[in-house]
Structure formats: structure tokens, C-alpha cells
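Chain by chain, the residues:
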Amino acid sequence: MNPSGALRAYLYADPAAHSRSPALHRAAFAHAGLPGEYTALRVPAPDLPAALARLRTPGTLGANLSLPHKEAALPWLDELSDAARAVGAVNTVIHRGGRLIGENTDAPGLLAALHGLGVGAAGDRAVAGPVVVLGAGGAARAAVYTALILMKRDVLIVNRTRVRAEELAASWAQAEAGAEVRAADLAAVPWPQVRLIVNASSAGLDAPGQTPLPGFDFSALAPGALVYDMVYSPRETRLLQDARAAGVRAENGLGMLAHQARLAFRAWTGVDVPAGALLAALEEA
Ligand SMILES: NC(=O)c1ccc[n+]([C@@H]2O[C@H](COP(=O)([O-])OP(=O)(O)OC[C@H]3O[C@@H](n4cnc5c(N)ncnc54)[C@H](OP(=O)(O)O)[C@@H]3O)[C@@H](O)[C@H]2O)c1
């Protein structure tokens, strides 16, 4: 611990002011009964190496990283988890005895959220078609890792800019997954086989009328399908509204947000705080 006796953790991002991470991690410290302080700091890109070096201080648990640091941090860390290496992004830095370990809890956070909704459990591959991932940025990379590597499901990447979907798919060509990933146009997706769509695009983010699937016929999906929207602001995106209007189950990204924080906090402290406690903190915030 540092001289004040508190364990310290940070968010490094730019901008950092509107993050929900402080509410989540302060709730986690309170629930765990640990003396901890979580501070969101605006760290401009050129300051990242020095900010990371400060995490080696005794009493410092680590930091969450958000835009624009998730990929830029990699060379400055001593070690990477399998997930961080495969996704190529770090959202959680863990400080252990002067060493910095890069972890990615977005992917297992998504998996945990899906499991909580009864989707993606081992053994449902036989009856499950491909997972459709919308988007081709960092969140889509985490979603592909979740579906392809953690769930062992075939993945179809659909993105506004087709070439980016192709690049993302190609980057997994060497992965020993036992399943396949490829880019697809909307018209080429075998929708009646699809039971899971993950929106990992930023379509709809702070844009209530915007959807990545305008005019889409949700009734074409397999029975029991789930539309999971990583976007959680607004809570009810147009995508969720359209899916539900067609009788399709749809959930926003708050569960993933809570689980990625839970997993980061567990990596730092060893304490597994229930995701429900973190979701309640989000409600209050
Ligand atoms: N719930 C969570 O815990 C969680 C965690 C991580 C991220 N997220 C969310 O995931 C989203 C994506 O994050 P990111 O870091 O991957 O962003 P990013 O790297 O900027 O990628 C954005 C992606 O969205 C696509 N896109 C943007 N506007 C679009 C539109 N109007 N219609 C269709 N596609 C559009 C882009 O397509 P182009 O290639 O054509 O530009 C690109 O593929 C954000 O909303 C973020 O908040 C949520």
C-alpha cells in the first residue's frame, strides 16, 4: 500500500471525464470492503509511457485503458495475456511486484454477459449457426475473439467499410480456432441460421435514431436469436428497439461493461464482486 494506506487504480484515457469506470470500481472497492481509490485521468497520447511507468509504484493495482491507449500501450508492458495478445489491445494493466501485465477483459466480459443471457454455453455449437459481428474496429476484434476462440463459433464480419471487415477476418487466418471467420455483405449472410448478432460498431452511440441495420428484417433470424448491442448510451438504441419490435430478444452493452470491470477488479485484487452490484452502481450513477 502507499503511504495513505489506500490501494490505487486509474483510468487512463483521453477524454476521461465521462467514463463510467470510476462508478464501477468505487462500487467494487466498497463491496469488497477494501480501502481503494479509483481515479480517471486524462492522459494525452504522448504522456502514456510515463503514466504507465508510474503504475509500478507500490500500492498501485494498475489501470484501465481506454481510447486512445488500448493498442498504443502494448510495447510498454512487460507481459501480455493470451487474450490481450490475440485481440491486440489492452484494457487493463495489472501491476505485480514492479511488473506490468497487459490484460483484455472486454472479450471475456462479453462472454460473461452472453452467458448471463443463456447464450454461448459449451455444447450449443451443433444447433447454432454463425455469429454475426457488426463493425471492424477494436470492439469488433474483441467480439471476434469471443465468438471464434472462446465460443468456437463461425463468425461473419459485416462492416460499413467492407475492406476493413476483410482485413479483420484475414488477421485471424492463422488462429487455431476450429471455426472460421470471414467478411460478408448483409445479403450473403444465411440469416435463418443466425442466433446471435453482436453490434460492435459505434452506430447508435449517442445517436438514438441511428442503427447499423437500417431496414433489416429481424424476422429472418433463427428462432430464439439474440441481438447484443455493445453500445449502452443510449440504453435503448434504435437497433434494440427495431429487434424487439420484431419479437427478437435484444440487450444493450451494460452487462459487458459491468463484467469487464468485474474481471479487471478481480485481476487486481483477487476479489470477485458480483456483476449485479456493479450494474446497480451504474443505475445510481
Ligand atoms: N459495452 C462495452 O463494454 C463496450 C466495450 C468496448 C466498446 N464498446 C462500444 O463498441 C463500439 C465500437 O468501439 P470501437 O472502439 O471498436 O470503435 P472504432 O474502432 O472507432 O470502430 C467503429 C466501427 O463502427 C463502424 N461504424 C461507425 N459508425 C457507423 C455507422 N453509422 N453505421 C455503420 N457502422 C458504423 C465503423 O465502420 P467503418 O469501418 O466503416 O468506419 C467501425 O467498424 C463503441 O460504441 C463502444 O462504446 C462497448
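Residues numbered from 1 in each chain as written. Predicted model: local features only at pLDDT ≥ 70, side-chain atom pairs only at ≥ 80, totals over all residues. Heavy atoms only, no water.

A.B. asks: What should I look at first to understand the site of the ligand in this one?
C.D. replies: Every one of the 21 residues lining the ligand counts as a neighbour, but Ala136, Ala139, Asn159, Thr161 and Arg164 are closest to it. Note that an oxygen atom of the ligand is positioned 2.8 Å from one of the backbone N or O atoms of Ala139. One of the backbone nitrogen or oxygen atoms of Ser202 is found 3.0 Å away from an oxygen atom of the ligand. Within the residue set of the shell around the ligand, elements represented by two or more residues are helix 5 (138-150) and helix 8 (254-269). The class makeup of the residues in the shell around the ligand is 10 nonpolar, nine polar and two charged. (Near = heavy atom within 4 Å. Polar contact = N/O pair within 3.5 Å; in protein donor to acceptor, adjacent residues only side chain to side chain. Helix = DSSP H or I, 4+ residues; strand = E, 2+ residues; numbered from the N terminus. Nonpolar A, V, L, I, M, F, W, Y, C, P; charged D, E, K, R; others polar.)

A.B. asks: I would appreciate a short explanation of the domain arrangement of the protein in the present structure.
C.D. replies: Accessible area lost upon the coming together of the parts serves often as the stated size of an interface. When the domains of the protein are assigned, the result is domain 1 (7-104 + 256-284) and domain 2 (108-252). A straight line from the C-alpha centre of domain 1 to that of domain 2 covers 26 Å. Taken together, the contact between domain 1 and domain 2 spans 16 residues of the former and 15 residues of the latter. Summing the contributions of domain 1 and of domain 2, the shared interface buries around 1,200 Å²; its carbon and sulfur component is 65%. The largest share of the area that domain 1 buries against domain 2 comes from Ala86, Val87 and Met256, three residues that together contribute 45% of it. Taken together, the connections running from domain 1 to domain 2 amount to one salt bridge. Across the pair Glu283 and Arg235 runs a salt bridge, and its minimum N-O distance is 3.1 Å. Run the count over domain 1 and domain 2 and you get four residue pairs in polar contact (both at pLDDT 80 or more). Looking at the side of domain 1 that touches domain 2, the elements that each hand over two or more residues are helix 3 (82-87), helix 8 and helix 9 (275-284). Of all the elements, helix 8 adds the most residues to the side of domain 1 that touches domain 2, at six residues. Looking at the side of domain 1 that touches domain 2, its residues break down into seven nonpolar, four polar and five charged. (Domains from an automatic or database assignment. Contact = heavy atoms within 4.5 Å. Buried area = accessible area lost by both parts, 1.4 Å probe. Salt bridge = Lys/Arg side-chain N within 4 Å of Asp/Glu carboxyl O.)

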